[in-house]
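A structural walkthrough
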Amino acid sequence: MYVIVVYDVNVQRVAKVCQFLRMFLHWVQNSVFEGELTESELMRVEIGLKEIINEKEDSITIYILPHDKILKRKFIGIRKSEPTSIL
């Protein structure tokens, strides 16, 4: 499945969240990662993020797109990173 993770966390935890997500996904821009994950990888990401963040202060949204759907992206302004291939 294709996953987009968007987060807004306390500045004290930003680096930890970013480093953790880089193990699984591609950095797109500040506080946004995306990429292909298996079900088990998604579970590892969710568990790992819960261990890092403070659920009373921080916010993480995970968008999950099934393989049978086509994702279209539009950019406004500069791109923070080159897009990866989207299946």
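In case you missed it, the structure is sitting above this.
Attention in this report is confined to the structure presented alongside it. Nothing here was measured: the structure is a model prediction, and the numbers come from that model.

A separate point is the overall build of the chain. When helices and strands are counted, the chain shows 2 helices and 4 strands. Each helix and strand of the chain, ordered N terminal to C terminal, gives the series β-α-β-β-α-β. Across the chain, the fraction of contacts at a sequence separation of at least 24, relative to all contacts at a separation of at least 6, is 68%. Roughly 6300 Å² of accessible area belongs to the chain as shown, and the carbon and sulfur atoms make up 53% of that amount.

Looking now at the environment of P66. Relative to the elements of secondary structure, P66 occurs in the segment after strand 4 (59-65). Residue classification places P66 among the partly exposed residues on the basis of a relative accessible area of 40%.

Within this structure, the stated rule accounts for 2 aromatic pairs. With centroids separated by 6.3 Å and ring planes inclined at 25 degrees, the aromatic side chains of Y7 and F33 adopt a geometry described as stacked. A residue pair is termed long-range when its members are at least 10 positions apart, and Y7 in strand 1 (residues 2-8) and F33 in strand 3 (residues 32-36) qualify at 26 residues. The class for Y7 is buried, based on a relative accessible area of 6%. Aromatic side chains F20 and F24 sit 5.3 Å apart centroid to centroid with 55 degrees between the ring planes, which places their arrangement in the tilted category.

What counts and what doesn't
Residues numbered from 1 in each chain as written. Predicted model: local features only at pLDDT ≥ 70, side-chain atom pairs only at ≥ 80, totals over all residues. Heavy atoms only, no water. Helix = DSSP H or I, 4+ residues; strand = E, 2+ residues; numbered from the N terminus. Contact = heavy atoms within 4.5 Å. Areas by Shrake-Rupley, 256 points an atom, 1.4 Å probe, with all protein chains shown as cover. Buried < 20%, exposed > 50% of the residue type's maximum accessible area, 1.4 Å probe, protein only. Phe/Tyr/Trp six-rings, centres within 6.5 Å; stacked < 30°, edge-to-face > 60°.

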